Amino acid sequence: MDGAMLARLGVVIFVAIAGTAAVVEMSREEKAAEPSPGRTVLPERDPLRDEQRRCQQLGEAAAQNTACLKVWAQTRDRFLGRPATTVGR
């Protein structure tokens, strides 16, 4: 057997193995993972969020309300990652 014939035989065997592997992989059915029973987690009540809602309902009057101005300052600090401001500031 010469080298060219041996190379052809090697290629044919390789293609046959690759084709068989592809057919087996395509015919395999994957079992979907069963969803785990989820628990409903209620978020903790955020007093700052409640005050934001109250100020939102005030409309334009909130711009004159000192409590709303403090809430907005706290919200801004929380958003920017600054330390919480104290009430006496």
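Preceding this paragraph is the structure being described.
To start, this report covers the structure provided alongside it. (Residues numbered from 1 in each chain as written. Predicted model: local features only at pLDDT ≥ 70, side-chain atom pairs only at ≥ 80, totals over all residues. Heavy atoms only, no water.)

## Some words on the state of the cysteines
Right, so step 1: Summed over all chains, the structure comprises 1 disulfide.
Right, so step 2: One disulfide bridge connects Cys55 with Cys68, the sulfur atoms lying 2.1 Å from each other. The disulfide joining Cys55 to Cys68 has a torsion of about -100° about its S-S bond and is therefore left-handed. Taken together, the residues span a long stretch of sequence, with Cys55 in helix 2 (residues 47-58) and Cys68 in helix 3 (residues 66-80) at a distance of 13 residues. (Disulfide = S-S within 2.5 Å. Helix = DSSP H or I, 4+ residues; strand = E, 2+ residues; numbered from the N terminus.)

## A few points about the pattern of salt bridges
Right, so step 1: Across all of its chains, the model carries 5 salt bridges by this definition.
Right, so step 2: As a salt-bridge pair, Arg45 and Asp50 come within 3.3 Å of each other at their nearest N and O atoms.
Right, so step 3: Arg45 gets classed as exposed once you look at its relative accessible area, which sits at 70%. (Salt bridge = Lys/Arg side-chain N within 4 Å of Asp/Glu carboxyl O. Buried < 20%, exposed > 50% of the residue type's maximum accessible area, 1.4 Å probe, protein only.)

Keep in mind these values describe shape, not function.
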